[in-house]
Amino acid sequence: MIASNGGDKAETTFGEQRFKVFTAKQLGQIPQLNRLSEQQRFDMKVVASVLPFRVNEYVINELIDWNNIPEDPIFQLTFPQKEMLAPELYDKVATVFSLNDKSALNDTIREVREALNPHPAGQMEHNIPTLDNETVQGVQHKYRETVLFFPSSGQVCHSYCTFCFRWAQFVGDKDLRIAAKESGQLQDYLRAHPEVTDVLITGGDPLVMKTKNLRAYLEPLLSPEFNHVRTIRIGSKALTFWPQRFVTDEDAADLLRLFEEVQAAGKHLALMAHYNHWRELEPEIAREAVRRVRNTGAQIRAQGPLLANINDDAEVWARLWQTQVEMGIIPYYMFVERDTGARHYFEVPLVKAWEIYQDAMQRVSGIARTARGPSMSAHPGKVEIQGVTEINGEKVFVLRMIQGRNPDWVQKPFFARYDEQATWLNHLQPAFGEEHFFFEET
């Protein structure tokens, strides 16, 4: 296994890099932004006061083509743009931003954030479970077999994605944050729920943590009393935003050993890697990180949303999936942009999303056609757009529930009236004269 000697190779091949990050307060310290106009830099500050902004030097220096800004997809992925706020919301914040009135600005920002649907799909109302009549902090349980766990020390990322549906985790408002103070409640909850087979450690990004902290969360799950937990997933974008985490960080070798230990305990370890563009796979250190993770026995599954201004192109997705397969990564999901945050800037009509997905699938071989989608992670479950067709003279969307709050819904097909403007499930109406979708009936 590479974990035992990866540290030596890292030192001789790549050299250790210092992690340096910029937040909204340091926007003016990023020299490359001097290429932009004063107005563009002001726009960034306004948007970054509402939506979270964080980027590191690796992303700035290795992933962004500064000769192609603002159009560059990784620039769009990580740097705020004026249009990410609707005009009326931007104007409201910009007006107060210039007054140097901190109290008024905070009130305006809070009001605007509330208008951006900070917790979509019932995350706070319906996904957070209870145990012995007490809320289980930092845990979500939407689907029977899978529990999500939000460790408090992992509720940040190496860089922030501008589209992120969990943006509310990162704005400093405790009322909008989901996080566990310790893992004891998770263990108690799992003991009480033997039907749970999968635990997803998520955030933020759990791999911002030191390995010793991550180990403290994972090791208890390896004991015999949790034999019903068969798969441990880690949701992360570290392979893109800081591949050094697996290669040159001082505890990189220990992280890889931890991955090996999870596998040796009989668990399946899946690194749920977030990729949005094939460019993220190009740096050699990113490829080395993938190699090292795979050498531990862990499986890498790739997922990401279809986004206007970043990857709304079939060729981008085909190249992404083909590259992933060549590197031993399994394409897993193409998501539809969620109904939160800067959705109006990134969302793509469902019919266009399907056309892009279909076109991209036609460009790759069967072995790369493992990505499910386009999929909406909506309140009732994950709804997949399977196509557009005509039945008895009515043009319809063909849909399928690939995961559901009610297990009986899983794999159930259904139909919605064709709507070329619809961008989310709640924009659709049942086909064939039906009054409700099956998941809306009481």
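Residues numbered from 1 in each chain as written. Predicted model: local features only at pLDDT ≥ 70, side-chain atom pairs only at ≥ 80, totals over all residues. Heavy atoms only, no water.

Caption draft 1: Geometry of the side chain of glutamine 155. Tracing the chain through its elements places glutamine 155 in the loop between β6 (146-149) and α7 (184-192). For glutamine 155, a relative accessible area of 5% puts it in the buried group. One polar contact links the side chain of glutamine 155 to the main-chain carbonyl oxygen of proline 151, over a distance of 2.8 Å. Among the polar contacts listed, one links the side chain of glutamine 155 to the backbone oxygen of threonine 202, at a separation of 3.4 Å. (Helix = DSSP H or I, 4+ residues; strand = E, 2+ residues; numbered from the N terminus. Buried < 20%, exposed > 50% of the residue type's maximum accessible area, 1.4 Å probe, protein only. Polar contact = N/O pair within 3.5 Å; in protein donor to acceptor, adjacent residues only side chain to side chain.)

Caption draft 2: Geometry of helix α8 (residues 211-218). All of the buried residues along α8 are Thr211, Leu214, Arg215, Tyr217 and Leu218. Projected down its long axis, α8 shows its buried positions confined to an angular sector of 160 degrees, all on one face. The inward-facing, buried residues of α8 contact β6, β7 (198-201), β8 (231-236) and α10 (252-264). (Arc of directions from axis to C-beta. Contact = heavy atoms within 4.5 Å.)

Caption draft 3: Representation of the sheet that holds strand β14 (residues 394-404) in the model. Taken together, the 11 strands give an open sheet; going across it, the order is β5-β6-β7-β8-β9-β10-β11-β12-β13-β14-β15, and neighbouring strands pair in mixed fashion. The sheet is open, and its two edges are formed by β5 (139-143) and β15 (412-417), each paired on a single side. Each strand of the sheet is rotated relative to its neighbour by a mean of 30 degrees, with strand direction disregarded. As defined by bridge partners, β6 adjoins β7 across four bridges and the pair is classed as parallel. (Pairing = 2+ DSSP bridges. Axes fitted to C-alpha atoms, helices over the stretch in contact; angles between N-to-C directions.)

Caption draft 4: Spatial organisation of empty space enclosed by the protein. Inspection of the entire model under this criterion finds two cavities of 30 Å³ or more. If you add up the space inside the largest cavity, you get close to 70 Å³. The residue inventory of the lining of the largest cavity, partitioned by class, reads nine nonpolar, two polar and no charged. Considered as a void within the structure, the second largest cavity measures approximately 30 Å³ in volume. (1 Å grid on protein atoms, 1.4 Å probe; cavity = no way out; pocket = protein on both sides within 12 Å on 5 of 7 lines; lining within 4 Å. Points joined across faces, edges and corners; volume = space filled by probe spheres on them. Nonpolar A, V, L, I, M, F, W, Y, C, P; charged D, E, K, R; others polar.)

Caption draft 5: Structural detail: the nonpolar core. Ranked by size, the top nonpolar core spans 136 residues in total, and within it Phe79, Leu239 and Phe246 carry the most contacts. Ranked by the residues each element gives to this core, the list is headed by helix α14 (residues 350-362), at eight residues. Once you skip the residues sitting within four places of it in the chain, phenylalanine 79 turns out to touch Leu27, Ile30, Leu33, Met44, Phe53, Val55, Ile60, Ile64, Trp66, Met84 and Thr162. Core analysis: the second largest hydrophobic core is formed by nine residues, Leu200, Ala270, Met272 and Tyr332 among them. (Core = buried A, V, L, I, M, F, W, Y, C linked by side-chain atoms within 4.5 Å.)

Caption draft 6: Fine view of the pattern of salt bridges. Tallied over the entire structure, the rule returns 23 salt bridges. For the salt bridge of glutamate 111 with lysine 92, the shortest nitrogen-to-oxygen distance reads 3.0 Å. Placement of the pair is glutamate 111 in helix α6 (residues 102-114) and lysine 92 in helix α5 (residues 87-97), with a sequence separation of 19 residues. Classification of glutamate 111 as partly exposed rests on a relative accessible area of 47%. (Salt bridge = Lys/Arg side-chain N within 4 Å of Asp/Glu carboxyl O.)

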